[in-house]
There are 2 protein chains.
Amino acid sequence: MVITANNPDRKTWLNIPKNTDFPIQNIPFGVFLTRDDIITIGTRIGDYAIDLGALHQLGYFEGIALTDDIFLQDSLNDFIADGRKTWRAVRNRIAEIFDEKNKSLQENKEHQKVILFTLDEIEMQLPVQVGDYTDFYSSKEHAQNVGEMFRGKDNALLPNWLHIPVAYHGRSSSIIPSGIPIRRPLGQKMPNGAETPVLGPSRALDFELEMAFITTDANHIGEPIPVAEAEEHIFGLVLFNDWSARDIQRWEYVPLGPFLGKNFASSISPWIVTLDALEPYRTTSPKPVKEPLSYLKSEGKKTFDINLEVAIQPDGKKETIVCKSNFKYLYWNMSQQLAHHTINGCPVKSGDMMGSGTISGKEKDSYGSLLELSWNGKKPLKLKEGGDRKFVHDKDTVILRGYCENKKVRIGFGECSTKVLPAIKPK
Amino acid sequence: MVITANNPDRKTWLNIPKNTDFPIQNIPFGVFLTRDDIITIGTRIGDYAIDLGALHQLGYFEGIALTDDIFLQDSLNDFIADGRKTWRAVRNRIAEIFDEKNKSLQENKEHQKVILFTLDEIEMQLPVQVGDYTDFYSSKEHAQNVGEMFRGKDNALLPNWLHIPVAYHGRSSSIIPSGIPIRRPLGQKMPNGAETPVLGPSRALDFELEMAFITTDANHIGEPIPVAEAEEHIFGLVLFNDWSARDIQRWEYVPLGPFLGKNFASSISPWIVTLDALEPYRTTSPKPVKEPLSYLKSEGKKTFDINLEVAIQPDGKKETIVCKSNFKYLYWNMSQQLAHHTINGCPVKSGDMMGSGTISGKEKDSYGSLLELSWNGKKPLKLKEGGDRKFVHDKDTVILRGYCENKKVRIGFGECSTKVLPAIKPK
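Residues numbered from 1 in each chain as written. Chains lettered and ligands numbered in written order. Predicted model: local features only at pLDDT ≥ 70, side-chain atom pairs only at ≥ 80, totals over all residues. Heavy atoms only, no water.

Side note on the relation of the copies chain B and chain A
Applying a rotation about an axis and a shift along it to one chain copy brings it onto the other copy.
Turning to step 1, where the next piece is worked out: With an RMSD of 0.0 Å, the fit of chain B onto chain A corresponds to turning through 180° and sliding 0.0 Å along the axis. Given the turn and translation reported, the copies of this chain are related as if by a two-fold rotation axis. Across chain B, the smallest distance between a C-alpha and the rotation axis is recorded for G257 of chain B, namely 2.1 Å. (Least-squares fit on C-alpha atoms with pLDDT ≥ 70 in both.)

Below you can see the structure in the form of structure tokens.
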């Protein structure tokens, strides 16, 4: 099926801002609470949120095989499980409905009243119920930087890194949508030079600039997914801030990996931009330093040119952009990640989330965490307003943004924005 | 509310085997498929599976606040979310219904026909939909043994171990019930002395003798659970085999912990034995070597005396019991684990699962994994029938069992039994 929704020349009859992240070529999917406190699945064009449940009830998806309640749900899991053919048909249809040449909904004000919402009338929710969340570690620059800080330049990359898209399991229950504030976590830490650990608020709270992909029901237990088929099982991408408490993490992480240093909160942007929408922005990954084993060999353009940035906004002050990076810098692509994840038969399901790992580039202003940007606090980062930062302060808001662009169309992810509240007092 | 279900003198009118794991004092909870292919929540007394959905529809739970469909579900998550008061009331009522003095169901053959099933008429399912699964590492003997093998005796326990109930996140999607066979996993391994890794079936497939506890909705994001309140949020326990591929794990696990070496399968026993049922078997944990921080200080009898064993049964041969251990050997108890898990505000939900980590004792025959029993393959274990074992062979069945016992009553967990099938061929 041709992705007619991607037609770069299409215009919509909706009045939308120039340079929006959400032109009619984007058509992402999300879940929101409406002004009537009803939860529904929707899409977004410009600054309009569109209720897909209402569109469906009014017959606008006629001819596409969809169950009656597919959009009247509190997560996209069932819709995603319907598979790529369905996602594509629905996106194509939405593009037609809002095409300036289509008068059907355009001239039906009654229908518009129940279908269209302004952004201040809705509240975005998590788009999926995440069954399992895995976080990769696929930026060579990030792994190199962190390794260099803790083990020195010569031993920075561990021996397995160039052979394996290294990953670990994260916690699903603490994934939250953009806009929900987090509390600075309490935790056990071992102060430098001390002999016994202490309990207290993290003093090294950090963001990690990541993206995450959302999967469909991909395989049965015991069945690997071949690398060449992996993209068939990927629904789309979101911005992902993998909050990290470096001091808690440092003390706890041997030998079983990060745990409480990560699982207090992870923030995502609420609109899932489909892989279909990103199609025009395909590009190649960095050339492998070592040849991967055959199950990880990936041909062609299997990554995407997505510009990324991070801003820190101190309370009541102007923001400073502290990092500019790109999704295409990642050494391991999503196909390799999914092939590796399932080579042992591990089952991947609809709504599962896979984080990329911190996306750092080669340049110093492209590092995707304060740990790297301030070189573990040794070189505090100067903000335009609000002082300097070794790590994130209370009441700071950290904002991730991302977009693709070519001569004709810009497709964006909106924001993943999270404010940090002070820690609670330990009991 | 008194736990009248635990009355040790109560007898049932059902005809049940002597020394069953499931006397009328147990009353565990599980989910099964009936002869009519209907999924329901049930309990077990002796060798009878009891359909709680049918009991409820026929009015046997009158007076207890339960929604109509609470037992007509494919998981216990909603029932568990109802909280301890409800679990206790339901268990007490079931004990009354099957008490030999109660003639109501005893004399109603029509009702019995839809309520009672023999074990060969049903198929056990996973009892909960596991949202998040965490695996602890709470046996000092196990951590010591593994540390000694890989880092030598003097550096066996890492510096954080005596201060933190170390844990990592596991994969929920590959948790399976007893009886489902697993495939030997494929994976990337670095052979000893080699310079490049290879892909192939694990040659070091291992079991890990663990137990796991199932939680209810315990806290909101940002709210720690005090150690003294932790047990209020624990529904019950199952046997847990945390399958491990040591060769895959060894190559992949630095620096972010175990991943594909673990997430191909984890097996659990299908009946959740409630903390209420285990009440008579409370005991104390080992004396702490170092005083824990105040948020981890746990007073009184906060663990349980549960005898555990592991048997290996080669294909068509008699089994050999290879390990006898006890849940009470664990250094960190469940209350400490849950307090630690939430000290940073990590939310814990109904149906989440927390593995204990491999439960090893001091004696050599109490080690809870083949890695320890065969000392990393150096001392192969001799079976009564079927040769010896460094690690698990194809077509071996590994069986975990567990029970509590006092003078009057024995409460057991049944079995967690899993057969290993050969690896598939890599594509």
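As for the side chain of H163 of chain B
Turning to step 1, where the next piece is worked out: With respect to the helices and strands, H163 of chain B occurs in the loop between α5 (140-151) and β7 (167-169).
Turning to step 2, where the next piece is worked out: Contacts of H163 of chain B, omitting those with residues within four sequence positions, involve Q188, P197 and W251 of chain A together with K290, L296 and W332 of chain B. (Helix = DSSP H or I, 4+ residues; strand = E, 2+ residues; numbered from the N terminus. Contact = heavy atoms within 4.5 Å.)

As for the pairing of strand β3 (residues 48-51) of chain A
In regular strands, side chains alternate between the two faces of the sheet.
All names here are of chain A.
Turning to step 1, where the next piece is worked out: Relative to β3, strand β2 (residues 39-45) runs antiparallel, the two being bridged by 4 bridges. Pairing of I45 across the sheet is with Y48, part of β3.
Turning to step 2, where the next piece is worked out: Joining the antiparallel neighbours β2 and β3 is a turn of 2 residues, in which G46 adopts a positive phi near 60°.
Turning to step 3, where the next piece is worked out: Here 3 bridges tie β3 to strand β4 (residues 116-118), and the two strands are oriented antiparallel to one another. Across the sheet, I50 pairs through a bridge with L116, a residue of β4. (Pairing = 2+ DSSP bridges.)

Concerning the packing of aromatic side chains
All names here are of chain B.
Turning to step 1, where the next piece is worked out: In total, this model carries 30 aromatic pairs over all chains according to the counting rule given.
Turning to step 2, where the next piece is worked out: Aromatic pair Y133 and F240: ring centres 5.4 Å apart, planes at 80°, arrangement edge-to-face. Taken together, the positions of Y133 in strand β6 (residues 133-136) and F240 in strand β14 (residues 234-241) put the pair 107 residues apart, joining distant regions of the chain.
Turning to step 3, where the next piece is worked out: Among the residues examined, Y133 registers a relative accessible area of 3% and is labelled buried.
Turning to step 4, where the next piece is worked out: Seen from their ring centres, W161 and Y331 are 5.3 Å apart, and the 50° between their planes marks the pair as tilted. (Phe/Tyr/Trp six-rings, centres within 6.5 Å; stacked < 30°, edge-to-face > 60°. Buried < 20%, exposed > 50% of the residue type's maximum accessible area, 1.4 Å probe, protein only.)

Some points on the interface of chain B and chain A
You'll often see interface size given as the accessible area lost when the parts meet.
Turning to step 1, where the next piece is worked out: In this assembly, 55 residues from chain B lie in contact with 55 residues from chain A.
Turning to step 2, where the next piece is worked out: Across the interface of chain B and chain A, roughly 5600 Å² is buried in total on both sides, 64% from carbon and sulfur atoms.
Turning to step 3, where the next piece is worked out: In this assembly, chain B and chain A are joined by 4 salt bridges.
Turning to step 4, where the next piece is worked out: One salt bridge connects D132 of chain B with R171 of chain A, and the closest N-O pair in it is separated by 3.6 Å.
Turning to step 5, where the next piece is worked out: On the surface where chain B and chain A come into contact, there are 30 residue pairs in polar contact (both at pLDDT 80 or more).
Turning to step 6, where the next piece is worked out: If you list the elements that add at least two residues to the side of chain B that touches chain A, you get β7, β10 (186-189), β11 (198-201), α6 (246-252) and α8 (334-342) of chain B.
Turning to step 7, where the next piece is worked out: When residues of the side of chain B that touches chain A are assigned to their parent elements, the largest contribution, 3 residues, is made by β7 of chain B.
Turning to step 8, where the next piece is worked out: For the side of chain B that touches chain A, the class distribution of residues is 33 nonpolar, 16 polar and 6 charged. (Buried area = accessible area lost by both parts, 1.4 Å probe. Salt bridge = Lys/Arg side-chain N within 4 Å of Asp/Glu carboxyl O. Polar contact = N/O pair within 3.5 Å; in protein donor to acceptor, adjacent residues only side chain to side chain. Nonpolar A, V, L, I, M, F, W, Y, C, P; charged D, E, K, R; others polar.)

Describing the sheet that holds strand β25 (residues 397-405) of chain A
All names here are of chain A.
Turning to step 1, where the next piece is worked out: As summarised here, the arrangement of the 5 strands in space is β9-β26-β25-β20-β21, forming an open sheet in which the pairing is mixed. Single-partner strands in this sheet number two, and they are β9 (182-183) and β21 (320-326).
Turning to step 2, where the next piece is worked out: In this sheet, strand β26 (residues 410-421) lies alongside β25 in antiparallel orientation, the contact comprising 8 bridges. Bridge pairing in β26 places C404 opposite I411.

Comments concerning the domain arrangement of chain A
All names here are of chain A.
Turning to step 1, where the next piece is worked out: Domain assignment breaks chain A into domain 1 (4-124) and domain 2 (133-421).
Turning to step 2, where the next piece is worked out: Look at where the C-alpha atoms of domain 1 and domain 2 centre, and you get two points 29 Å apart.
Turning to step 3, where the next piece is worked out: Counting residues at the interface gives 27 residues for domain 1, matched by 30 residues for domain 2.
Turning to step 4, where the next piece is worked out: In total, domain 1 and domain 2 occlude about 2300 Å² of area from one another, counting both sides; carbon and sulfur atoms represent 58% of this.
Turning to step 5, where the next piece is worked out: Joining domain 1 to domain 2, the criterion identifies 3 salt bridges.
Turning to step 6, where the next piece is worked out: Linking D21 and R410 is a salt bridge whose minimum nitrogen-to-oxygen distance equals 2.8 Å.
Turning to step 7, where the next piece is worked out: Counting across the interface, domain 1 meets domain 2 through 15 residue pairs in polar contact (both at pLDDT 80 or more). (Domains from an automatic or database assignment.)

A few points about the environment of A95 of chain B
All names here are of chain B.
Turning to step 1, where the next piece is worked out: With respect to the element layout, A95 can be found in helix α3 (residues 84-97).
Turning to step 2, where the next piece is worked out: Sequence separation between A95 and I39 is 56 residues, and the spatial gap between their C-alpha atoms is 23 Å.
Turning to step 3, where the next piece is worked out: Contacts of A95, omitting those with residues within four sequence positions, involve A5, R10, I24 and I27.

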